[in-house]
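Notes for the structure review
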Amino acid sequence: MDARQLKVEAARAALAHVSDGMRLGIGTGSTAEEFVRLLAEKVATGLTIFGVPTSERTAILCGELGVPLSTLEETPELDLTIDGADEIDPALTLIKGGGGALLREKIVAAASARMIVIADHSKMVETLGRFPLPIEVNQFGLRATEIAVAAAAGRLGLSGPVTLRMTGSQPFVTDGGHFILDASFGRIPDTRALSNALHAIPGVVEHGLFIGLASVAIIAGSDGIQTVHAARKPGSSIDHDVA
Ligand SMILES: O=C(CO)[C@H](O)[C@H](O)COP(=O)(O)O
């Protein structure tokens, strides 16, 4: 199975969790787009849901494929969000934001009763940080924020390049009008400490560590689908089922 087929299989397994009448958060990225395509097929045959997209890119695709949309203003409480991730650890802490949508993705996930993350097996890691951590920052004071991010990481024993994400010769601008810093700190043993340290910096709008948001990960590999459930309480075990 090639990489695209694995994404399709993860998306198909997630679709089984969608039922009539649901208010859905709909993620961003190539895996989430496979989910939108399958969801659109179900809508065409009578499934009645509506979705809140996590990016303009996802909103456009949903519009093209006929997936009914709402906004978080109209529908501030959602039943389920289905989204991809850049990295997933065994506790279902995620790195997200490779597609630049982390702020809306986090707001939508936090407004949802449940979040299911879908991915191919290459996204699973023991410790997050192989993928550079996206940090969404205000355009004002960019250099000062870069310095503060590096200093905050340094206090936690983390270091590495912090680079401004570019699109060609221009900085990448998020749907919210912000910039993204990609921080290559290497492995992040204490995600909570880094999250707190980044949130304490005024120029940081949000970061791509998703802690305690995903309840289930559906991981596609050549040997099938693995469903990983987050531990319900800190310290309790994490279940791994292979279907
Ligand atoms: O966080 C994201 C976008 O901001 C995506 O979910 C993440 O980048 C994964 O994308 P893909 O499914 O294309 O690998």
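In this text, all values refer to a predicted model and were calculated from it rather than measured experimentally.

The next thing to look at is the sheet that holds strand β8 (residues 162-164). Strand pairing in a sheet is mediated by backbone hydrogen bonds. Such pairs are either parallel or antiparallel. Taken together, four strands build an open sheet; the order of strands is β8-β11-β7-β12 and the sheet is antiparallel. Pairing within the sheet leaves two strands with one partner each, and these edge strands are β8 and β12 (204-207). With direction set aside, neighbouring strand axes in the sheet form an average angle of 30°. In this structure, strand β7 (residues 133-137) lies alongside β12, joined through three bridges in antiparallel fashion. The residue of β12 that forms the bridge with Val-137 is Val-204. Against the sheet, helix α6 (residues 191-199) makes contact with β7 and β12, and its axis sits at roughly 160° relative to β12, the strand it touches most.

This brings us to the nonpolar core. In summary, soluble globular proteins display a tendency toward joint burial of nonpolar side chains. Val-18, Leu-24, Phe-35, Leu-39, Ile-49 and Ile-118 are the most contacted members of the largest nonpolar core, which has 29 residues in total. Elements that contribute at least two residues to this core include exactly α1 (3-15), β1 (23-26), α2 (30-44), α3 (56-65), β3 (78-83), β6 (112-120) and β14 (216-221). When near neighbours in sequence (up to four residues on either side) are disregarded, Leu-24 contacts Val-18, Phe-35, Leu-39, Ile-49, Phe-50, Gly-51, Val-52, Leu-78 and Leu-80. By size, the runner-up hydrophobic cluster in this structure holds 21 residues, among which are Val-125, Ile-135, Val-137 and Leu-181.

What follows covers the environment of Val-52. Its place among the elements puts Val-52 in strand β2 (residues 50-53). Residues Val-52 and Pro-68 lie 16 residues apart in sequence; the distance between their C-alpha atoms is 8.9 Å.

Turning next to the domain arrangement of the protein chain. Per the domain assignment, the segments making up the protein chain are domain 1 (3-122 + 211-229) and domain 2 (133-203). The gap between the C-alpha centroids of domain 1 and domain 2 is 25 Å. The interface is formed by 13 residues belonging to domain 1 together with 13 residues belonging to domain 2. Where domain 1 abuts domain 2, roughly 1,000 Å² becomes buried across the two surfaces, and 59% of that area is made up of carbon and sulfur atoms. Measuring nitrogen to oxygen at the nearest pair gives 4.0 Å for the salt bridge that ties Asp-175 to Arg-104. Between domain 1 and domain 2 we count four residue pairs in polar contact (both at pLDDT 80 or more) in total. For the side of domain 1 that touches domain 2, the leading source of residues is helix α4 (residues 102-110), giving three residues. Looking at the side of domain 1 that touches domain 2 residue by residue, the class counts come to four nonpolar, six polar and three charged.

What counts, and where the lines are drawn
- Here, residues in each chain are numbered from 1, in the same order as that chain's written sequence.
- Local features are withheld for residues below a pLDDT of 70 in this predicted model, meaning they are given only at 70 or higher, and side-chain atom pairs are given and counted only at 80 or more; totals for whole chains, interfaces and linings count all residues.
- Based on all heavy atoms of the structure, the side-chain values leave hydrogens and waters out of the count.
- Being paired, for any two strands, means DSSP has found at least two bridges between them.
- To qualify as a helix, a DSSP run of H or I must reach at least 4 residues; to qualify as a strand, a run of E must reach at least 2; elements of each kind are numbered from the N terminus.
- In this description, a line fitted to the C-alpha atoms serves as the axis of each element, helices being fitted only across the stretch in contact, and the angle between N-to-C directions of two axes falls anywhere from 0 to 180 degrees.
- Contacts are residue-level and defined by heavy atoms, with any inter-residue pair within 4.5 Å sufficient.
- What makes a nonpolar core is a set of buried Ala, Val, Leu, Ile, Met, Phe, Trp, Tyr and Cys residues whose side-chain atoms join them at distances within 4.5 Å.
- The classification of residues rests on relative accessible area computed with a 1.4 Å probe and restricted to protein chains. Under 20% of the type maximum is buried, over 50% is exposed, and intermediate values are partly exposed.
- Domain start and stop positions are those given by an automatic or database domain assignment.
- What gets called buried area is simply the loss in accessible area from a 1.4 Å probe that two parts show on being joined, summed for both.
- We count a salt bridge whenever a side-chain nitrogen from Lys or Arg sits within 4 Å of a carboxyl oxygen from Asp or Glu.
- Counted as a polar contact is a pair of N or O atoms within 3.5 Å, where, for protein atoms, one must be capable of donating a hydrogen and the other of accepting one, and residues adjacent in sequence contribute only when both atoms are in side chains.
- Each residue gets one label: Ala, Val, Leu, Ile, Met, Phe, Trp, Tyr, Cys and Pro are nonpolar, Asp, Glu, Lys and Arg are charged, and the others, such as Gly, are polar.

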